[in-house]
Amino acid sequence: MQIKIEWQEKDLLVTLQNIQRVLGGKNAILQSIGETLLNTNRARHAQQIGPDGTPWQPLSSSTITARVSKKKSAKAKEQARRSGRILFNSGDMMRDFIYQVQGDVVVIGFRQTIAAYHHFGTGTHGPKGSAYTILPKNKRALAFAGIVRKKVIHPGIPSRPLIGMPDSDVSLIKDVVSEHVMSAVSSSKGKK
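On a predicted model such as this, the values are computed, not experimentally measured, just so you know.

1. What to know about unusual backbone geometry
Consideration 1: Phi is positive for Gln48, close to 60 degrees, though the residue is something other than glycine.
Consideration 2: With respect to the element layout, Gln48 can be found in the loop between helix 2 (26-47) and helix 3 (61-70).

2. Thoughts on the nonpolar core
Consideration 1: In terms of nonpolar packing, the biggest core is built from 12 residues, these being Leu38, Trp56, Leu59, Ile86, Leu87, Met93, Met94, Phe97, Tyr99, Phe110, Ala115 and Leu162.
Consideration 2: Those elements that place two or more of their residues in this core are helix 5 (92-95) and strand 1 (97-102).
Consideration 3: In this view, Trp56 contacts His45, Gln48, Ile49, Gly50, Ile86, Leu87, Arg160, Pro161 and Leu162; residues no more than four positions away in its chain are not counted.
Consideration 4: Formed by 5 residues, the second largest nonpolar core is a distinct cluster that contains Ile29, Ile33, Leu37 and Val176.

3. Some details on the pairing of strand 2 (residues 105-110)
Consideration 1: Examined bridge by bridge, strand 1 and strand 2 share 6 bridges and lie antiparallel to one another. What sits directly across from Val101, in strand 2, is Val106.
Consideration 2: Between the end of strand 1 and the start of strand 2, which pair antiparallel, lie 2 residues, with Gly103 showing a positive phi angle near 70 degrees.

Rules used in this analysis
Residues numbered from 1 in each chain as written. Predicted model: local features only at pLDDT ≥ 70, side-chain atom pairs only at ≥ 80, totals over all residues. Heavy atoms only, no water. Helix = DSSP H or I, 4+ residues; strand = E, 2+ residues; numbered from the N terminus. Core = buried A, V, L, I, M, F, W, Y, C linked by side-chain atoms within 4.5 Å. Buried < 20%, exposed > 50% of the residue type's maximum accessible area, 1.4 Å probe, protein only. Contact = heavy atoms within 4.5 Å. Pairing = 2+ DSSP bridges.

Next up, the structure:
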């Protein structure tokens, strides 16, 4: 009994050229990585958890009261009270969550700078942040949740991490690259 292996240099060359084409055309791989990371981070945001899986700190009662007071109908007020979705009031911040391919790099983040306040918190002293004063800019007083004041001492915004790179995301990136390479190898089969 024998096994005969015949070296098909042409087949190997075609496969290597396809792999080189895929790796040389890194833009498609980087686009896939960006889209994958964007979707993964959006899913975590919808679950109201940080990249490490830790649940975000719940909304303060004053934030919930303010949201409810903006609603006109009793039904809308009750929905706002029950919803309590963290970091999702109008949806603007998540609409500005994007990725870009810049040369050999995928950049993922938010266009709005307010996302940094939510990601890091507003203080430097622990996860709750530190208090800060809010003064009116264009009026003589501030109005919030039906309360009118000349100034407000805000207790600080807690850190609610929005983006990161946990091990699960690193595995996803490896899977995306692997799929691109395997696709190149598969497309070589049959081409002689």
